[in-house]
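Letter by letter, the chains look like this.
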Amino acid sequence: MDLNFTEQELAFREEVRRFLDEKLPAEIADKVIAGRELTKSDMERWHAILNARGWLASTWPVDFGGPGWGPVERHIFEEEACRAGAPRVLPFGLHMLAHVLMKFGTKEQQDHYLPRILEGTDWWCQGYSEPGAGSDLASLRTTAVRGGDAYLVNGQKTWTTLGQHANRIFCLVRTKKDGKPQEGISFLLVDLDSPGIEMRPIRLIEGGHEVNEVFFTDVRVPAENLVGDENQGWTIAKYLLTHERTNIAGIGFSVQAFEQVKALARTVKRGGKRLIDDPLYAARLARVEAELEALKITNLRMLSNAQKNGQPGLESSMLKIKGTVIRQALNDLARRALGPAAGPFPAEALAGNLEIAPPEHARAAARYFNNRKISIFGGSNEIQRNILSKSMLEL
Amino acid sequence: MDFETSDDRRMLADTLARFLAEACPPEKRATLAYAAPFHDHEAWSGLAGLGVLMAFIPEAEGGLGGRGFDVMTVFEQIGRALSPEPVLPALMAARLLLAARGDVDGLMSGEVRLAVAIGEPDAPWDLSDIATRAERNADRWTLTGRKSVVYGGNDADRLLVAARTGEGLSLFDVSPENAGVIGYGMIDGGGAAEVILDATPATLLIENAEDALNDALDHGRLALCAEALGAMDHVQALTLDYLKTRQQFGRPIGKNQALQHRMVDLMTEIEQARSITILAASRMAEGDRARSVAMAKHLVGRVATLVAEEAIQMHGGIAMTWEHPVSHYAKRLVMIDHQLGDTDFHLSRLMEDLRA
Ligand SMILES: Cc1cc2nc3c(=O)[nH]c(=O)nc-3n(C[C@H](O)[C@H](O)[C@H](O)COP(=O)(O)OP(=O)(O)OC[C@H]3O[C@@H](n4cnc5c(N)ncnc54)[C@H](O)[C@@H]3O)c2cc1C
């Protein structure tokens, strides 16, 4: 057992730092640190910078053009990228669909779509959830009926993250109505420009627009856009869920958030003292710090094990629960630290040069409310506990 | 002991509930609470017309109440309806004007909207660190300093401002036209302002104002606890209903014991919050007012945040949307803990009390 990073790993960290120093545009980092909305071109720009360095497809195997990183490299990269204020790499094309295509796609599909994902020609969004099918995804009702060389798709998807920027959506659709619901689902690639598709924005709790509803009315989708076999969609969805690649514990975000809150608590004044001198606040922060240090190790231990055994286990569920709880606790501490100054909305629109909260914290409350989502999406924390208890108790 | 609400207060609560349900339905609130002046002048006059502001003034002064339970009655309804009207500043101003033996007629009729400016950037909740200075030149006073997040300050006719003289804390009356008032909306709806005072002319209302300020702050805290209770009751009802109706895996999500236990825990926590608020309401004219209010605001601060977070979580994605009422109730419930001292601030007050 040796918890020190190796020489090589340390050198890699240096390399990542230098790269971020040189290449991450300051105006983008400022937005990320302050929690302001990124534009489509901000995100595309960062993807292109990473791609030029060969680090965009961080989860892809070398055969497909990935950098061949293991869990430790990924951890180091994520931690440094978050610390520097790099935007999150959008997972839908790179970390989700790409892996589905590598495992279940035809050679033609791989050759066509993978380069487009890397180059940013396609922006993919994820069309799983429906109004009636959230946790119970298998109850989805959007139908795809095969006729000749095409499917006709009807139904509604919802919660489609950043769909407003996307040109394509990968969907789970119902292709068979009898039998077990899981057995009648297929995985379909849909061009969002197809006639019969309408996208409507959903405004979130803090006022932002990051999710959408997508309506399908007699949308014609070429049969060659089916991935895997017909009715194999559930297997594909489960494959994605259990092969965790997207740093589900969100360590990088939490490390960055922790540093930010600590700095804030050292500047904010309460009762003539710094907030950090208030033992009640300091105790809140110290408690999360210990949890976060533990989670860093839990994360690396579990991911290394999973990689060694080649067998994904239950680690994703544990990491998801702890990771989201810690991140939410840090968002909670940031808004608490501001006291009344957390309230003005939207903070950056305030008149003149009058500062109520430090600019990088002006959206602390908005971020806290927005991040209530992280324990709901991607399989809610309750569903993760169900997965864990089912496997642990075997009752 | 008698835990029954008096007929008068019950009537006031019912009238207020009916009025607010019509004046401030969720769809309407979702826009009006977020656009200047961040409340509704018609609803404000309507509230005053119902005698809501008179409920803060004792009968001897021409009002209809003035007791802790009157405050609680009004604010539970404000919270249930999530009303963005600046009733809290009116209550605090009423306490200050009563202490100053000032005229409260304009306040009671709703014609004069008052805001109370106490907190500052480095002294959000604590009177001892107020830095705004008052200076006297012959018999004219001027104030210099900055008051931060003054609720209702964006749309007030008069500002009651706490400032430090050579002697101690005093209370002044300031006309907003003479100050730099920068209004804005809040993330949970409603409006506030930064108030910049730069040798701003002011009228002295109370020379030794510390007791009066603490009285006003404690009444404000009680009001916030009651507001949270009203909002929590409503959120609890919405969540309970959702657990029974939302179907996943072929059955209502409330069939899952994981959610059942959390739902009943919320109920118990809310009842505890209700009890401590009732206790505080009963102590408003007693020597242990401050301690009771600190307990209430400490406990309610913790529970309100818990209720907000759990309500969102148990609703799933739908409560993350602007369109769904739970999102707005949750924001208010969390942000109540940022007003007039958070749960830790009041815990510290209790700790001091234990040590004394
Ligand atoms: C901001 C945001 C972005 C999203 N982005 C996407 C996206 O890009 N693409 C996409 O397809 N989806 C997306 N989602 C959808 C997300 O995956 C769903 O919200 C999630 O699956 C939960 O479903 P639901 O919201 O319908 O809640 P429900 O399933 O109705 O759940 C409500 C509550 O019941 C609980 N519950 C349900 N079943 C059980 C059970 N058996 N035992 C115990 N508790 C249970 C849940 O945990 C939750 O607390 C997004 C959601 C949000 C909020």
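What you are looking at is a predicted structure, and each value in this text was computed from that prediction instead of being measured.

**With respect to the pattern of salt bridges**
Working step 1: Using the criterion set out here, one finds 48 salt bridges over all chains in the structure.
Working step 2: The partner of Lys-373 of chain A in a salt bridge is Glu-210 of chain A, with the nearest N and O atoms 2.7 Å apart. Here Lys-373 of chain A, found in the loop between α11 (364–370) and α12 (381–393), pairs with Glu-210 of chain A, found in strand β7 (residues 209–222); they are 163 residues apart in sequence, far enough to count as distant. A single burial state applies to Lys-373 of chain A and to Glu-210 of chain A, both of which are buried.
Working step 3: Glu-135 of chain B is paired through a salt bridge with Arg-133 of chain B; the nearest N and O atoms lie 2.6 Å apart.
Working step 4: On the basis of relative accessible area, Arg-133 of chain B is assigned to the partly exposed category, the value being 43%.
Working step 5: Counted as one network, the salt bridges with shared partners bring together Arg-13, Glu-14, Arg-17, Glu-79, Glu-80 and Arg-83 of chain A.

**Examining the site of the ligand**
Working step 1: Neighbouring the ligand are 30 residues; Ser-135, Thr-161 and Ser-380 of chain A together with Arg-246 and Gln-313 of chain B lie closest to it.
Working step 2: Around the ligand, the neighbouring residues derive from chains A and B rather than from a single chain.
Working step 3: Interatomic distance of 3.0 Å between a backbone N/O atom of Tyr-128 of chain A and an oxygen atom of the ligand.
Working step 4: Gln-248 of chain B places a polar side-chain atom, nitrogen or oxygen, 3.4 Å from an oxygen atom of the ligand.
Working step 5: Burial of the ligand by the protein amounts to 94% of the accessible area it has alone, namely 970 Å².
Working step 6: Looking at the shell around the ligand, the elements with two or more residues in it are β7 and α12 of chain A together with α9 (289–315) of chain B.
Working step 7: Partitioned by chemical class, the residues of the shell around the ligand number eleven nonpolar, 15 polar and four charged.

**Here we look at the nonpolar core**
Working step 1: Within the largest apolar cluster, 139 residues are counted, with the highest numbers of intra-cluster contacts made by Val-74, Phe-75 and Met-232 of chain B.
Working step 2: The contacts of Phe-75 of chain B, once residues within four sequence positions are left out, are Phe-56, Val-87, Leu-88, Leu-91, Ala-223, Ala-226 and Glu-227 of chain B.
Working step 3: Membership of the second largest hydrophobic core comes to 49 residues, among which are Phe-12, Trp-55, Phe-170 and Leu-189 of chain A.

**As for the domain arrangement of chain A**
All names here are of chain A.
Working step 1: What the domain assignment lists for chain A is domain 1 (7–89), domain 2 (123–232) and domain 3 (249–391).
Working step 2: One C-alpha centre belongs to domain 2, the other to domain 3, and the line joining them spans 32 Å.
Working step 3: Contacts between domain 2 and domain 3 engage five residues on the former and eight residues on the latter.
Working step 4: Together, the buried faces of domain 2 and domain 3 total about 530 Å²; carbon and sulfur atoms form 56% of this surface.
Working step 5: Taken together, the links from domain 2 to domain 3 amount to one salt bridge.
Working step 6: Applying the counting rule to domain 2 against domain 3 returns three residue pairs in polar contact (both at pLDDT 80 or more).
Working step 7: Looking at side-chain class alone, the side of domain 2 that touches domain 3 contains two nonpolar, one polar and two charged residues.

The rules we used
- Residues numbered from 1 in each chain as written.
- Chains lettered and ligands numbered in written order.
- Predicted model: local features only at pLDDT ≥ 70, side-chain atom pairs only at ≥ 80, totals over all residues.
- Heavy atoms only, no water.
- Salt bridge = Lys/Arg side-chain N within 4 Å of Asp/Glu carboxyl O.
- Helix = DSSP H or I, 4+ residues; strand = E, 2+ residues; numbered from the N terminus.
- Buried < 20%, exposed > 50% of the residue type's maximum accessible area, 1.4 Å probe, protein only.
- Near = heavy atom within 4 Å.
- Polar contact = N/O pair within 3.5 Å; in protein donor to acceptor, adjacent residues only side chain to side chain.
- Areas by Shrake-Rupley, 256 points an atom, 1.4 Å probe, with all protein chains shown as cover.
- Nonpolar A, V, L, I, M, F, W, Y, C, P; charged D, E, K, R; others polar.
- Core = buried A, V, L, I, M, F, W, Y, C linked by side-chain atoms within 4.5 Å.
- Contact = heavy atoms within 4.5 Å.
- Domains from an automatic or database assignment.
- Buried area = accessible area lost by both parts, 1.4 Å probe.

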